[in-house]
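Listed below, chain by chain, are the residues.
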Amino acid sequence: MSHRLLVKLAIACLLASGINLSAKAADLKIGFVYVGPTGDAGWTYSHDEARKYVEQQLAGKVTTSYVESVPEGADAERVIRQLAAKGHELIFTTSFGYMNPTLKVAKRFPKVKFEHATGYKQSKNMGTYMVRAYQARYLSGLVAGKTTKTNTLGYVASFPIPEVVRGINAFTKGVKEVNPAAKVKVVWVSSWYDPAKEREAAETLILQDADVLTQHTDSAAVIQTAEAKGVYAIGYHSDMSGYGANAHLTAAVHKWGPIYLEKAKSVLDGTWKAEDLWLGIEHGVTDLAPLNKSVPDEVKSLVESKKAALKSGDIRVFDGPVRDQSGTVKIVEGETMSDDQLRGFNWYIEGVDGQLPKS
Amino acid sequence: MLRLERRPSDSKLMMALSPVLAIVLTLAAGGTLFSVLGHAPGQALYTFFIAPLTDLYGWTELGVKVAPLMLCALGLNFCYRARVWNIGAEGQFIMGGLGGGWIALELMHLNDIWILPLVLLAGTVCGMAWAALAAWLKTHFHANEVLTTIMLNYIALNALLYAVHGPLMDPDGFNFPESALFTESVTMPLIHEDYRLSISLLLALLVLAVMWTLLTRTLLGFQISVLGEDEKAARFAGFRTRWLTWMALLVSGALAGLAGIAEVTGPLGQLSPHISPGYGYAAIIVVFLGRMHPLGILFASMLLGLTYMGGEMVQMDLTLPKSITGLFQGMLLFFLLACDVLIGYRILPASRQNPQTAN
């Protein structure tokens, strides 16, 4: 009896493993770890759109799965490791706080490829990727500078890390180029996603005369507030026009799709390698959402020409002269900021009002 | 309709039956939820409750979650027995992690064996000191500890944010809000090198044994219980109620602080803005779920830890959104706590008037 049972078990195991093998040969499993809910706007939304894009472009060759709202603490490592253990061969971890957990898991799963967004640590099987969102920020600054009547722009920001400071400075650079009298006011909310705080910050900025708002946080609360109060706003991460048909001038958006598609393809054909990718507007990974109907043609064509110049490399956002808040020239005319300087950006340029929270 | 009637004394039968009833209700409601969403209910429930624990790795990960939950909950239990409503385990956890983490960063380049115990002690003392603030406010100004401990949670979180954005930030970390990684000498020893489970679980089990003895076998435990049952009686008996309030808060703060520093020097390995995924708050649920008994707290922490892991599993395998897994977790807790009503009360049809309540 027990003999027969054993044989049956063995056959069952064989069948099961056979099924597994055939499933594995058919497709590449890609895992995504998200810091927020996928929702319908914002940072995580932009990553999830790209995930769907890859699924659609490589239909039949890849399957994807994701885990959303994963806290950036001790839980992240387990989620990443589980994805790896479940046979995902390519894993995208899409928030800065996943850097060290990803690195630890990458060490344990040398055959799995890991891609971490916004970080600075790489290993043999862990690459990093980022988009030059500051380019789109700069373009949105041109629109804001041309639109404002009060010469006061409001910026709702999350944490004073280089990525955010770079965005504020790029936006300000754009604003000042078309409107030297304007200034940018910043309110920090110390959160990536807190619609109530973001709304409060937006209201504060409106009380301080700001008539064009933008934000570096994950929700659309700032756009909604602007719409309700009858001022303008510029979205971030994804097109947020659905939240404010009148207020939404444009948005600086990320398009991770091309990066994810490239990475998936390279794993499929075996050419994947760990690298530090920082792609810009010329690759179509950062861009402006369509401009609002109310934006005059003159501004539209200005944005188009600047965008073309950025794409061709004729100009860079932080071409000199770049002055700091005290008016001291930090980058002289004829020079531009290096990538290393951009990565460590921890000071405000001229035109930003107020103090950067200092360490 | 139905109405609740107080039982003359608690029902022994329902005390045993209520968890069973809760589990049946959860399975039924959860099964319905998953099948409405188009998943086989049996498979979904299996993925949620069983799949995370099908291998040793899963059990060790459960331990990683159970240890901090248990430490916080055992301390809170001590407080709640005395009817001192400490809602501040979250803040005490964070201060433990922050204070101990700071000492760890200062001393981590030394290689002595006493460094780690010193760091753990520092964390414990910091947690205790944070709770002492609430104890002082309560005993000197009669400030309600519910309010003060909640407020102290926010202060602790902001102190942590300040530290990782400022003085404790990794100097080589490109301004990202994280400390440097801890060295080996300030890292909790692992139980086995292949898993993340550290000796903090053993500490938690030791504390369980101590607390159990303390509550049932010592004068202090007795005094705490009397204080909780009837403060006047406690005073009449000559117990120093002030001193007992201090003890309750200090013990609770110390344990939360220990949990915090064990987490920081354990699975996290550095200070970051996200050292607690809400353990201090979850521990409150654990205490009541465990019916304020040390052994009950062990099982309740395991159950709560499992629901987090099951939630991740369900997201990965069934691609269900986080909101659904959160909904299911909420349902489970609701049924467990709601069914406990049946211990003290019975349900009767509303039409029949009860002579006792008719007056």
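Residues numbered from 1 in each chain as written. Chains lettered and ligands numbered in written order. Predicted model: local features only at pLDDT ≥ 70, side-chain atom pairs only at ≥ 80, totals over all residues.

### What to know about the overall build of chain B
Counting its regular elements, chain B contains 15 helices and two strands. Principal axes of the C-alpha set define a box for chain B whose edges measure 75 × 60 × 35 Å. Looking at chain B as a whole, 46% of its 359 residues are labelled buried. Nonlocal contacts in chain B, meaning residues at least 24 apart in sequence, comprise 78% of its contacts between residues at least 6 apart. (Helix = DSSP H or I, 4+ residues; strand = E, 2+ residues; numbered from the N terminus. Buried ≥ 20, exposed ≤ 12 C-beta atoms within 10 Å, placed from the backbone. Contact = placed C-beta atoms within 7 Å.)

### Comments concerning the overall build of chain A
When its secondary structure is counted, chain A shows 11 helices and 15 strands. Taken over C-alpha atoms, the radius of gyration comes to 23 Å for chain A, in line with the 21 Å a tight globule of 359 residues would show. Taken along its principal axes, the extent of the C-alpha atoms in chain A is 90 × 45 × 40 Å. Residues counted as buried form 52% of the 359 residues belonging to chain A. Long-range pairs, those at least 24 residues apart, make up 63% of the contacts in chain A with a sequence separation of at least 6. (Rg over C-alpha atoms; globule rule 2.2 N^0.38 Å.)

### What about the sheet that holds strand β9 (residues 232-237) of chain A?
Residues and elements named next belong to chain A. In spatial order, the strands read β12-β10-β9-β8-β6-β7-β15; together these seven strands make up an open sheet with mixed pairing. The open sheet terminates on both sides in strands that have one partner only, identified here as β12 (286-288) and β15 (352-353). For strand β6 (residues 152-157) and strand β8 (residues 212-216), the ladder comprises five bridges, and the chain directions are parallel. If you follow Leu153 over to β8, its bridge partner there is Val212. Sheet strands in contact with helix α7 (residues 195-207) are β6, β7 (183-188) and β8, and its direction is about 160 degrees off that of β6. (Pairing = 2+ DSSP bridges. Axes fitted to C-alpha atoms, helices over the stretch in contact; angles between N-to-C directions.)

### Structural notes on the interface of chain B and chain A
The interface of chain B with chain A comprises 27 residues on the first partner and 31 residues on the second. Broken down by secondary-structure element, the contributors of at least two residues to the side of chain B that touches chain A are α3 (56-81), α6 (145-165), α10 (241-268) and α12 (294-318) of chain B. Here the residues of the side of chain B that touches chain A sort into 13 nonpolar, nine polar and five charged. (Nonpolar A, V, L, I, M, F, W, Y, C, P; charged D, E, K, R; others polar.)

### As for the nonpolar core
Among the nonpolar cores identified, the biggest contains 204 residues, and Ala233(A), Leu71(B) and Cys72(B) are the most heavily contacted of them. Summarising the domain contributions, this core has at least three residues from each of domain 1 (27-131) and domain 2 (133-253 + 286-353) of chain A. Residues within four places of Leu71(B) in sequence aside, it is in contact with Ala204(B), Val207(B), Leu255(B), Ala256(B), Leu258(B) and Ala259(B). (Core = buried A, V, L, I, M, F, W, Y, C linked by C-beta atoms within 7 Å. Domains from an automatic or database assignment.)

### Things to note about unusual backbone geometry
Negative phi values dominate among residues other than glycine, just as trans dominates among peptide bonds. Residues and elements named next belong to chain A. A cis amide bond links Gly320 with the next residue in sequence, Pro321, at an omega value of 0 degrees. Here Pro321 shows up in the loop between α10 (297-312) and β13 (322-323). Although it is not a glycine, Asn151 sits at a positive phi angle of roughly 60 degrees. With respect to the helices and strands, Asn151 occurs in the loop between α5 (133-147) and β6.

### With respect to α7(A)
All names here are of chain A. A rise of 1.5 Å per residue sets the reference length of α7, with its 13 residues, at 18 Å; its end C-alpha atoms lie 18 Å apart and thus fit the reference within 8%. All of the buried residues along α7 are Glu198, Ala201, Ala202 and Leu205. One side of α7 carries all its buried residues, which in axial view fall inside an arc of 100 degrees. In α7, those exposed residues whose orientation departs by more than 90 degrees from the buried face are Ala196 and Leu207. The inward-facing, buried residues of α7 contact β6, β7, β8 and α8 (221-229). Phi turns positive one or two residues past the end of α7, at Asp209, with a value near 90 degrees. (Expected span 1.5 Å × (residues − 1). Arc of directions from axis to C-beta.)

### What to know about the pairing of β7(A)
Residues and elements named next belong to chain A. Of the strand pairs in this sheet, β6 and β7 are connected by six bridges, and their pairing is parallel. Paired with Gly154 across the strands is Lys185, a residue of β7. Tracing the backbone out of β6, into helix α6 (residues 162-178) and back to the parallel element β7 gives a crossover that is right-handed. For β7 and β15, the ladder comprises two bridges, and the chain directions are parallel. Counterpart to Lys185 in the pairing with β15 is Asp353. (Right-handed = clockwise from strand over helix to strand, strands pointing away.)

### Brief notes about the domain arrangement of chain A
Residues and elements named next belong to chain A. Domain boundaries assigned for chain A yield domain 1 (27-131) and domain 2 (133-253 + 286-353). A separation of 28 Å is found between the C-alpha centroids of domain 1 and domain 2. The interface of domain 1 with domain 2 comprises eight residues on the first partner and 12 residues on the second. Counting residues per element, the side of domain 1 that touches domain 2 draws most heavily on helix α2 (residues 43-57), which supplies three residues. Considered class by class, the residues forming the side of domain 1 that touches domain 2 number four nonpolar, four polar and no charged.

### A short note on the packing of helix α4 (residues 89-107) of chain B against helix α5 (residues 115-141) of chain B
Residues and elements named next belong to chain B. Two numbers describe how α4 lies on α5: the axes approach to 7 Å, and their chain directions differ by 145 degrees. Crossing handedness for the pair α4 and α5: right-handed. From α4, Gly91, Gln92, Phe93, Met95, Gly96, Gly97, Leu98, Gly99, Gly100, Ile103, Ala104 and Leu107 reach across to α5, where they touch Ile115, Leu118, Val119, Leu120, Ala122, Gly123, Thr124, Cys126, Gly127, Trp130 and Ala131. (Left-handed = near helix turned anticlockwise from the far one by under 90°.)

### A short note on the confidence of the model for chain B
Put simply, chain B has an average pLDDT of 91, and 97% of its residues get 70 or more. Quick note on the complex model: pTM equals 0.87, ipTM equals 0.86. (pLDDT = per-residue confidence, 0-100.)

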